[in-house]
Amino acid sequence: MKHISTLLIVLSAAVNVIAQDAPTEFDYPLAVTATADGIVYVADRNMPGIWKIEDGKKSIFFQGSKKFRTPLNAIRCLAIDHEGKLLAGDSSTREVYRFDDAGQPQPLTEGWIGIPMAMAVAPDGTIYTADLELHRIWKMPKEGAKEPTEFAVINSPRGLTLDPDGNLWVLSTSSKDGQIQKVTPDGKIEPFVKGHPFNLPHNIVRVDDGSFFVTDNYEHCVWKVTAAGEKEKWISGEPMDRPVGLCRNGADLLIADPHIRTIFSLAPDKKLTVLVNSPVPQKVNVAK
C-alpha cells in the first residue's frame with residue numbers, strides 16, 4: 001500500500017511538471033496560416049510546435065520535442081491543403097507533414113526536403129515546397145511521395161503563392177533572375193520582379209486583383225507589388241517590428257512578427273490590428 005501511495009505521489013509530481021512545462025505564450029511565432037472558416041494556426045519555432053487561434057484565443061495544437069530529428073523540432077512553415085488539412089514543414093527531419101484527424105503529424109516524404117521554407121497547394125491537392133537548402137521547388141501529389149519531383153531550380157526560395165491559372169510565384173532572397181519569378185505549370189521560369197529591391201523578404205501572398213504582398217524583415221515593412229510589377233512599401237514600421245509570416249484570411253492578411261511575438265491582421269484599407277500576441281521579455285542590463 002505504501003508503494004502504491006509513493007507511486008501516486010511520483011505520478012502526480014510528473015503531471016505537475018508536464019503542466020508547468022506546457023507553454024502559455026508565444027516564443028517565436030514565425031509562420032501563420034488560416035482555414036476557410038477562420039481558424040488560424042501559428043508555427044512557433046522555439047516552442048517548438050503549433051498554436052491554434054480560435055475566437056481570438058490561442059491554445060497549443062501540437063507541441064514538438066526539443067530533441068533534434070524529431071517531428072517539428074525545427075518547424076519552418078505552414079499551409080492548408082485542398083481538403084482543409086494542416087501541413088507543416090520541418091527542417092529538423094527534412095520533412096513535410098500532414099496532420100491527421102487525431103491531430104498527429106504524418107510524413108509525406110522520406111526526409112527528402114532539406115529546409116522547407118514555404119508551401120503552396122493547388123486545387124487538386126498537388127503540394128509545392130520551397131527548399132532553401134537545395135535551392136529547389138519540389139512537387140508532389142496530395143498523398144505525398146517518397147521522392148518528390150524537381151519542379152524548378154531557383155536560388156534561395158523563401159515564399160510561394162499560386163494564381164488561378166496554376167502559375168507558381170516564387171519569392172527569393174538572392175536569385176540572379178530577380179526576387180519574384182513566375183513558374184508556369186510546365187516548369188518554365190519567367191522573371192517578374194528583377195533585381196533585388198527587397199532587403200530580406202520572407203513570404204509572398206497573391207490577392208484577387210493580381211497584386212502581391214511581401215514581408216520584408218530588414219525593412220520592417222510589407223510591400224505591395226502590382227500585377228504590372230510596380231512596388232511600394234504598403235505598411236512600414238511600428239507597431240510592426242520584423243514581419244516574417246504572411247497568409248490570407250478572407251479579405252485580410254495575417255502577419256507573423258516573431259520579434260514582438262505578435263500576429264497582426266491587415267485589412268485592405270491598411271488598418272493594422274493585433275489578432276493575438278504575447279508579452280515580450282524585458283531586456284536586463286547587466287552591470288559591468
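Note that the coordinates shown come from a computational prediction; the quantities given were computed from them, not determined experimentally.

Engineer: When you look at the packing of aromatic side chains in this model, what are you seeing that I'm missing?
Structural biologist: Any aromatic ring pair is given by two values, namely how distant the centres are and how the planes are angled relative to each other. The final tally for this structure, using the stated rule, is 11 aromatic pairs. Taken together, Tyr41, Phe61, Phe62 and Phe99 form an aromatic cluster joined through their ring pairs. Across the ring face of tryptophan 234, the terminal group of lysine 224 is positioned such that the distance to the ring centre comes to 4.6 Å. If you follow lysine 270 out to its NZ or CZ, it ends over the ring of tryptophan 234, 4.2 Å from the centre.

Engineer: Sorry, what's going on with the pairing of strand β20 (residues 231–236) here?
Structural biologist: Regular strands have side chains that alternate between both faces of the sheet. In this sheet, β20 lies alongside strand β19 (residues 221–225) in antiparallel orientation, the contact comprising 5 bridges. Each residue of the ladder has a partner; that of lysine 224, found in β20, is glutamate 232. Counted between consecutive antiparallel strands, the loop separating β19 from β20 contains 5 residues, among which glycine 229 sits at a positive phi close to 90°.

Engineer: It is not clear to me how the sheet that holds strand β4 (residues 57–63) should be interpreted in this structure. Could you clarify?
Structural biologist: Across a sheet, paired strands are connected by hydrogen bonds in the backbone, their directions being either parallel or antiparallel. With respect to topology, 4 strands assemble into an open sheet ordered β1-β2-β3-β4, the strand pairing being antiparallel. Each having just a single partner strand, β1 (29–34) and β4 make up the two edges of the open sheet. Each strand axis lies, on average, 25° off the axis of its neighbour in the sheet, ignoring direction. Two strands pair when backbone bridges link them, and strand β2 (residues 40–44) and strand β3 (residues 49–54) are joined in this way by 5 bridges, in the antiparallel orientation. Residue valine 40 lies in a different strand from β3, and its bridge partner there is isoleucine 53.

Engineer: Could you clarify how one ought to interpret the nonpolar core in this entry?
Structural biologist: Soluble globular proteins: nonpolar side chains tend toward being buried together. If you look at the biggest cluster of nonpolar residues, it comprises 15 residues, and the most contacted ones within it are Ile50, Leu72 and Leu78. Elements with a contribution of two residues or more to this core: β1, β2, β5 (75–80), β6 (86–90) and β7 (95–99). At 3 residues, β5 tops the list of elements feeding residues into this core. Not counting residues within four places of it along the chain, the set of residues in contact with isoleucine 50 comprises Tyr41, Val42, Ser59, Ile60, Phe61, Phe62, Leu72, Ile75, Leu78, Leu86, Ala88 and Phe99.

Engineer: Before we go on, may I ask you to explain the sheet that holds strand β24 (residues 272–277) in this structure?
Structural biologist: Spatial strand order, β21-β22-β23-β24: 4 strands in an open sheet with antiparallel pairing. Each edge of the open sheet is held by one strand with a lone partner, namely β21 (245–249) and β24. Strand-to-strand twist in this sheet, taken as the mean axis angle between neighbours without regard to direction, amounts to 25°. By the bridge criterion, 5 bridges tie strand β23 (residues 262–266) to β24 in an arrangement that is antiparallel. Bridge pairing in β24 links leucine 266 to leucine 272.

Engineer: Please explain the confidence of the model for the chain as it appears in this structure.
Structural biologist: Low pLDDT marks stretches whose predicted atomic positions should not be read closely. Per-residue confidence for the chain gives a mean pLDDT of 91; residues scoring 70 or more make up 91%. Contacts for the low-pLDDT stretch residues 1–20, under 50 throughout, to residues beyond four places or in other chains number 0 contacts. In this model residues 284–288 is a low-confidence stretch, pLDDT under 50, and it forms 0 contacts with partners more than four residues away in sequence or in other chains.

Engineer: How should the pattern of salt bridges be read in this particular structure?
Structural biologist: Pairing is possible between side chains of opposite charge, provided their charged atoms come close. For the structure on display, the rule yields 11 salt bridges. Between glutamate 25 and lysine 58 there is a salt bridge whose closest N-O contact spans 3.1 Å. Separated by 33 residues along the polypeptide, glutamate 25 in the loop between α1 (2–21) and β1 and lysine 58 in strand β4 bring together distant segments of the chain. For glutamate 25, a relative accessible area of 32% corresponds to the partly exposed category. Close ionic contact of arginine 261 with aspartate 27 constitutes a salt bridge, the shortest N to O distance being 3.6 Å. On the criterion of sequence distance, the pair formed by arginine 261 in the loop between β22 (252–257) and β23 and aspartate 27 in the loop between α1 and β1 is long-range, its members being 234 residues apart.

Criteria and cut-off values
Residues numbered from 1 in each chain as written. Predicted model: local features only at pLDDT ≥ 70, side-chain atom pairs only at ≥ 80, totals over all residues. Heavy atoms only, no water. Phe/Tyr/Trp six-rings, centres within 6.5 Å; stacked < 30°, edge-to-face > 60°. Lys NZ or Arg CZ within 6 Å of the ring centre and 35° of its normal. Pairing = 2+ DSSP bridges. Helix = DSSP H or I, 4+ residues; strand = E, 2+ residues; numbered from the N terminus. Axes fitted to C-alpha atoms, helices over the stretch in contact; angles between N-to-C directions. Core = buried A, V, L, I, M, F, W, Y, C linked by side-chain atoms within 4.5 Å. Buried < 20%, exposed > 50% of the residue type's maximum accessible area, 1.4 Å probe, protein only. Contact = heavy atoms within 4.5 Å. pLDDT = per-residue confidence, 0-100. Salt bridge = Lys/Arg side-chain N within 4 Å of Asp/Glu carboxyl O.

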